[in-house]
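# Results of the structural survey
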Amino acid sequence: MDSKVLNLSGSLNGVPLITNNVGYGGQNAYLVVGQPIGSFYILQHLGVGANGAETIVDQDGNGRIDAGATSPDRIFAGQAQPKYNFAFTPSFSYKNFDASLMVRGSGGNKLFNTLRSNLSFLENLGKSNLLASAITDNMFTSAFPLASDYWLEDGKFIRLENVNLGYRIPTAKSKHISALRFSLTGQNLWLITKYSGIDPEQTGGDNGIYPRVRNFALGLNIILK
């Protein structure tokens, strides 16, 4: 889905809009005239200095980094809203067996992994939990916490939402029951994604969510005559 902000005026939640750059609700995501809805306008990661501090690209070359929301040192680096969504819902039947499933997903968007950023700076070693990936990131601290595109990740995913398997047993000798159908249903069976967090199905920023439950259910349907 392509989108573009054409104009910002009036008010948002009762607050007058006096700028063409409005926060979108996710870390470093904004509404900006001429850009897609929820564009990431963000500082660009350059590397890690000798002191272990993250360094940022000085986009305007003035010798200092401005971390303000409308800073010329920021760049557009993707969007929070998916460019496409899809669902695939085939069903099958053979003799007394039947099956149906749902596969769905989305892509073309980025996700700011706020939780990963919070748990990745080595200066917090011994003060709070850290991810194992913090050793590979090798950043002791940052003068611009939660600000750089280093923490932006691809948000596309494919999820097997559910599968339903059934077997129908005819009961011709019964006066009241036409058939019995036994079923097995599974939900949230697998997820394919490059996102390193718990779940990519979020918009904007990931501050940590409770994991989706995978469950199974047995069923019995009684089909009356």
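Procedures and definitions
- Residues numbered from 1 in each chain as written.
- Predicted model: local features only at pLDDT ≥ 70, side-chain atom pairs only at ≥ 80, totals over all residues.
- Heavy atoms only, no water.
- Helix = DSSP H or I, 4+ residues; strand = E, 2+ residues; numbered from the N terminus.
- Rg over C-alpha atoms; globule rule 2.2 N^0.38 Å.
- Areas by Shrake-Rupley, 256 points an atom, 1.4 Å probe, with all protein chains shown as cover.
- Lys, Arg positive; Asp, Glu negative; His and termini not counted.
- Charge placed at Lys NZ, Arg CZ, Asp CG, Glu CD.
- Patch = residues over 30% accessible without salt bridge, like charges linked within 9 Å, V, L, I, M, F, W, Y side chains within 5 Å.
- Salt bridge = Lys/Arg side-chain N within 4 Å of Asp/Glu carboxyl O.
- Buried < 20%, exposed > 50% of the residue type's maximum accessible area, 1.4 Å probe, protein only.

### Side note on the overall build of the protein chain
Of the regular secondary structure elements, the protein chain holds two helices and 18 strands. A globule of 225 residues ought to have a C-alpha radius of gyration of about 17 Å, yet the protein chain, at 25 Å, is considerably larger. In terms of its C-alpha atoms, the protein chain occupies a principal-axis envelope of roughly 90 × 50 × 30 Å. Just so you have it, the protein chain exposes about 13,100 Å², and 57% of that area is on carbon and sulfur atoms. Charged side chains of the protein chain number 19 positive and 16 negative; the gap between the two group centres comes to 20 Å.

### Describing a nonpolar patch on the surface
Nonpolar side chains collect at one region of the surface, where Tyr94, Phe97, Tyr167, Ile169, Phe182, Leu220, Ile222 and Leu224 lie side by side and expose about 830 Å² of accessible area between them. The set of elements that each furnish at least two residues to the nonpolar patch consists of strand E15 (157–170) and strand E18 (215–224). For the nonpolar patch, the leading source of residues is E18, giving three residues. Structurally, the position occupied by Phe182 is in strand E16 (residues 177–193).

### Thoughts on the pattern of salt bridges
Enumeration over the complete set of coordinates arrives at 10 salt bridges. When the shortest N-O distance is used, the salt bridge between Asp137 and Arg116 registers 3.3 Å. Here Asp137, found in helix H2 (residues 133–137), pairs with Arg116, found in helix H1 (residues 114–118); they are 21 residues apart in sequence, far enough to count as distant. Considered together, Asp137 and Arg116 belong to a single accessibility category, that of buried residues. Salt-bridge contacts for Asp154 lead to Lys156; the nearest nitrogen and oxygen are separated by 2.5 Å. For Lys156, a relative accessible area of 34% corresponds to the partly exposed category. Residues participating in the shared-partner salt-bridge network are Arg104, Arg159, Glu161, Asp199, Glu201 and Arg212.

Limitation: the analysis is restricted to geometry and does not speak to function.
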